[in-house]
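# A structural walkthrough
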Amino acid sequence: RSEGGHLLDVTGGVSGGGPPKLSVDSDLLETQMNKLREMEAELDHEVRSLQSRLSDSAKRSIVSSFGEGAVQVDLDISLGDTNKDNALVSNTISIRLWQDTPHAAWTFLQQVQNGGWNGAQFGMYHGRALLVQATTPAGEVLEPQVDFLERSQRGHDKYTVDLTDSGIILNIQDNRDYFKKEASVGVITAGFDTLREIV
């Protein structure tokens, strides 16, 4: 026993040989572990505070750009159909954005405004949803770049819209039990016939 702590001596082998002696001061270890836990809690608090500030800034940006109330995004979809003048027929899918995920919504709005999703292609996502992927002029897949995951109380239900690191997800069935790392941004409010035709 040492002053202020406990020593645990572990020896092995026969006398005169074997591995070196190992001493552990359990009080010192406990003190260091407590300090690490305090640092982790402090960092976690700072991260949550930063995320809250980013969400508040996104809310202000949305209100400043689009006014109070719900924001709707209309995606014009071309399915290759033409009218009598041989012009492509445009179909629309309307998405009402959630107000409880402003950072993800603002990221999505900025990319739509910048034309980032123009010419995007549809594909399946894990067999449970449609994935919309766009490529940059350099041929790279456009990523929504959501910095953190905001939790929506309505996320991943049928006809909701999510952002993932590889594109936009249109949930064609209830995916609450399957999708955990996607940021929910809104819900489809119109264009269900177009959605069914894509599927």
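Everything below is about the structure printed above this text.
This text gives an overview of the structure that appears in the document.

How each quantity is defined
Residues numbered from 1 in each chain as written. Predicted model: local features only at pLDDT ≥ 70, side-chain atom pairs only at ≥ 80, totals over all residues. Heavy atoms only, no water. Buried < 20%, exposed > 50% of the residue type's maximum accessible area, 1.4 Å probe, protein only. Helix = DSSP H or I, 4+ residues; strand = E, 2+ residues; numbered from the N terminus. Pairing = 2+ DSSP bridges. Patch = residues over 30% accessible without salt bridge, like charges linked within 9 Å, V, L, I, M, F, W, Y side chains within 5 Å. Areas by Shrake-Rupley, 256 points an atom, 1.4 Å probe, with all protein chains shown as cover. Salt bridge = Lys/Arg side-chain N within 4 Å of Asp/Glu carboxyl O.

Attention shifts here to the pairing of strand 8 (residues 167-171). Judged by how many residues are buried, strand 8 sits mostly within the fold: five of five residues are covered. As paired strands, strand 6 (residues 129-133) and strand 8 are joined by four bridges and run antiparallel to one another. Following the sheet pairing, Leu130 is matched in strand 8 by Leu170. Two elements, strand 7 (residues 160-164) and strand 8, share four bridges in a ladder whose sense is antiparallel. When the sheet's bridge partners are listed, Leu163 is paired in strand 8 with Ile168.

Take the pairing of strand 5 (residues 121-125) next. Looking along a regular strand, one sees side chains alternate from face to face of the sheet. When strand 5 meets strand 6, the two strands line up antiparallel, connected through five bridges. Each residue of the ladder has a partner; that of Gly123, found in strand 6, is Leu131. Where strand 5 hands over to strand 6, the hairpin turn is made up of three residues, of which His126 adopts a positive phi near 55°.

Here we come to a nonpolar patch on the surface. A contiguous nonpolar patch, built from Met33, Leu36 and Met39 and spanning about 310 Å² of accessible area, is present on the exposed surface. Following the sequence through the fold, Met39 ends up in helix 1 (residues 26-66).

Read these as spatial facts, not as claims about activity.
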